[in-house]
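Chain by chain, the residues:
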Amino acid sequence: MAVVQGGLTTGMELTALGKPFVYVPLQNHFEQQVHVHHRLKLMALVGGLTIRI
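In this text the structure is predicted, and so the values were computed from the model without any measurement.

Peer 1: Just give me the short version of the overall build of the chain, but keep the residues and values in it.
Peer 2: The helix and strand inventory of the chain stands at two helices and two strands. Long-range contacts, defined as pairs at least 24 residues apart, comprise 41% of the intrachain contacts of the chain with a sequence gap of at least 6. Of the roughly 3,900 Å² of accessible surface on the chain, a fraction of 61% belongs to carbon and sulfur atoms.

Printed below as a string of structure tokens:
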């Protein structure tokens, strides 16, 4: 199990390796909030956490 910041490259690498992970996108980062979520959703992966500081 990995916990990652929410970048697309890391998420895709872990997916390709079949490793479980949780991604936590930065709150105001468009790519991580929208693009990464969309790509992971297309691959039938769920989710992401939202942490407000």
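Peer 1: How would you explain the packing of helix α1 (residues 8–17) against helix α2 (residues 30–42) if you had to name every residue and give the values?
Peer 2: Running from N to C, α1 and α2 point in directions that differ by 20°, and their axes come no closer than 10 Å. Relative to α2, the element α1 is oriented roughly parallel. As for the relative orientation of α1 and α2, their crossing is right-handed in sense. Residues Leu8, Met12 and Thr15 of α1 form the contact with α2, whose own contacting residues are Glu31, His35, Val36, Arg39 and Leu40.

Peer 1: Could you give an account of the nonpolar core, naming the residues involved and the relevant values?
Peer 2: Listed in full, the eight residues of the largest apolar core are Val4, Leu8, Met12, Leu14, Phe21, Tyr23, Val36 and Leu40. For this core, the secondary structure elements donating two or more residues are α1, β2 (21–23) and α2. Looking at this core element by element, the count peaks at three residues for α1. When near neighbours in sequence (up to four residues on either side) are disregarded, Leu8 contacts Glu31, His35, Val36 and Arg39.

Peer 1: Which residues make up α2, and what values do they have?
Peer 2: Taking 1.5 Å as the rise per residue, α2 with 13 residues should run 18 Å; its terminal C-alpha atoms sit 18 Å apart, in good agreement. Roughly 25° is the biggest bend found in α2, and it falls at Val36. Here α2 has its buried residues at Gln32, Val36 and Leu40.

Peer 1: Describe the environment of Leu26, and please don't skip the residues or the numbers.
Peer 2: You can see Leu26 is positioned in the loop between β2 and α2. With a relative accessible area of 40%, Leu26 lands in the partly exposed category. Remark: the alpha-carbon pair of Leu26 and Gly7, spanning 19 residues in sequence, is separated by 9.3 Å. Non-local contacts of Leu26, meaning those with residues more than four positions away in its chain, are made with Gln5, Gln32 and Gln33.

The rules behind these values
Residues numbered from 1 in each chain as written. Predicted model: local features only at pLDDT ≥ 70, side-chain atom pairs only at ≥ 80, totals over all residues. Heavy atoms only, no water. Helix = DSSP H or I, 4+ residues; strand = E, 2+ residues; numbered from the N terminus. Contact = heavy atoms within 4.5 Å. Areas by Shrake-Rupley, 256 points an atom, 1.4 Å probe, with all protein chains shown as cover. Axes fitted to C-alpha atoms, helices over the stretch in contact; angles between N-to-C directions. Parallel < 35°, antiparallel > 145°, perpendicular 65-115°, else oblique. Left-handed = near helix turned anticlockwise from the far one by under 90°. Core = buried A, V, L, I, M, F, W, Y, C linked by side-chain atoms within 4.5 Å. Buried < 20%, exposed > 50% of the residue type's maximum accessible area, 1.4 Å probe, protein only. Expected span 1.5 Å × (residues − 1). Bend = angle between axes of the 7 residues up to and from the residue.

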